[in-house]
Amino acid sequence: MYLTELLNGVTRFYTDPKDEPPATSLKQFKIHSYEAARTYNGELLECNDTDVHSNFLFSILRISNREVYVLLNKHYPFVAFASSVHEERIIFVNNKELSFFFSDLYKILYAESLNERLLYMRKKGSVLIKNDNQLNNAELAQIAYWKPVTAGGVLYNYWD
């Protein structure tokens, strides 16, 4: 079963104004991250926009002496959890407690789905995605350039 979350604009790229994706709120995400930390007697270590070259927001929570990254796609209310986040690689994990908390607010994406292979073939400088998707031409061109291996690499990326 493949993710159906490869929606138009999820990567943040588009050329046609009709393809402009919606936006999620950093302010609301900070509030939710703080509440999640408080709910589980933890602390919010950081919460911000990654940078202009990414398509996600993140917070770092410390709960039960363990740090977990909470990632929110900048354009769709998709939350994922990670044990580490670097431009080269994000290690996605599942977190039962935080999934329970955030599931009322966002759609939770699980590590198994995020680590699922992205199936595509090259075609004249672009790519043809075999997985279900609504990606626009600008996004397909970015995939052809960056060559992500997994669905998570599309949904949470540092492309510029």
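From a predicted model like this one, the values you see are computed outputs, not experimental measurements.

(A) Representation of the layout of surface pockets. Taken as a whole, the largest pocket encloses approximately 370 Å³ of empty space. As for the largest pocket, its lining consists of 18 residues, of which E87, E88, R89, I90 and G153 are closest to the centre. Of all the secondary-structure elements, those providing two or more residues to the lining of the largest pocket are β5 (90–93) and α5 (151–155). Its residues assigned to classes, the lining of the largest pocket comprises eight nonpolar, six polar and four charged. Approximately 200 Å³ is the volume found for the second largest pocket. Along the walls of the second largest pocket sit I63, S64, R66, E67, V68, A82, S83, V93, N94, N95, E97 and L98, which together make up its complete lining.

(B) Just the packing of aromatic side chains, in detail. A full pass over the atoms with the stated rule returns 11 aromatic pairs. On the numbers, 5.3 Å between centres and 80 degrees between planes, the contact of F56 with Y158 is edge-to-face. Separated by 102 residues along the polypeptide, F56 in strand β2 (residues 56–63) and Y158 in the segment after α5 bring together distant segments of the chain. Across this residue pair, the class does not change: F56 and Y158 are buried. With centroids separated by 6.1 Å and ring planes inclined at 40 degrees, the aromatic side chains of F58 and Y69 adopt a geometry described as tilted. On the criterion of sequence distance, the pair formed by F58 in strand β2 and Y69 in strand β3 (residues 66–73) is long-range, its members being 11 residues apart. Since its relative accessible area comes to 17%, Y69 is described here as buried.

(C) Inspection of the environment of E97 at higher detail. Mapped onto the fold, E97 is located in helix α2 (residues 96–102). E97 gets classed as partly exposed once you look at its relative accessible area, which sits at 38%. In this structure, the C-alpha to C-alpha distance between E97 and I63, residues 34 residues apart in sequence, is 9.8 Å. Contacts of E97, omitting those with residues within four sequence positions, involve Y40 and I63.

(D) Representation of helix α1 (residues 26–39). With 14 residues, α1 ought to run about 20 Å at 1.5 Å a step, and its terminal C-alpha atoms sit 20 Å apart, in line with that. By the burial criterion, the buried members of α1 are F29, H32, S33, A36 and A37. Seen end-on, α1 carries its buried residues on one side only, within an arc spanning 135 degrees. Close packing links the buried residues of α1 with β1 (43–49), β2, β3 and α2. At the N-terminal end of α1, a side-chain oxygen is found 3.4 Å from the backbone nitrogen of K27, two or three residues along, and the residue is S25. Immediately downstream of α1, the backbone of N41 shows phi near 50 degrees, a positive value.

(E) Structural detail: the nonpolar core. Formed by 32 residues in total, the largest nonpolar core has its most connected members in L71 and Y156. When contributions to this core are tallied by element, the ones reaching two or more residues are β2, β3, β4 (78–85), β5, α3 (111–114), β8 (126–129), α4 (137–146) and α5. Setting aside residues up to four positions removed in sequence, Y156 forms contacts with N55, F56, L71, L72, N73, F78, V79, A80, I90, F92, L109 and L114. One finds I63, V68, V70 and F81 within the second-largest nonpolar core, a separate group that totals 17 residues.

(F) A look at α4. Buried within α4 are the following residues: A138, E139, L140, Q142, I143 and A144. Looking at the buried side of α4, the elements it contacts are β7 (120–123), β8 and α5. Between the side-chain oxygen at the start of α4 and the backbone nitrogen of A138 there is a gap of 3.0 Å, and the oxygen is on N136. At the exit of α4 stands K147, carrying a positive phi of roughly 55 degrees.

Scoring rules and cut-offs
- Residues numbered from 1 in each chain as written.
- Predicted model: local features only at pLDDT ≥ 70, side-chain atom pairs only at ≥ 80, totals over all residues.
- Heavy atoms only, no water.
- 1 Å grid on protein atoms, 1.4 Å probe; cavity = no way out; pocket = protein on both sides within 12 Å on 5 of 7 lines; lining within 4 Å.
- Points joined across faces, edges and corners; volume = space filled by probe spheres on them.
- Helix = DSSP H or I, 4+ residues; strand = E, 2+ residues; numbered from the N terminus.
- Nonpolar A, V, L, I, M, F, W, Y, C, P; charged D, E, K, R; others polar.
- Phe/Tyr/Trp six-rings, centres within 6.5 Å; stacked < 30°, edge-to-face > 60°.
- Buried < 20%, exposed > 50% of the residue type's maximum accessible area, 1.4 Å probe, protein only.
- Contact = heavy atoms within 4.5 Å.
- Expected span 1.5 Å × (residues − 1).
- Arc of directions from axis to C-beta.
- Polar contact = N/O pair within 3.5 Å; in protein donor to acceptor, adjacent residues only side chain to side chain.
- Core = buried A, V, L, I, M, F, W, Y, C linked by side-chain atoms within 4.5 Å.

No statement about biological role is implied by the geometric values presented.
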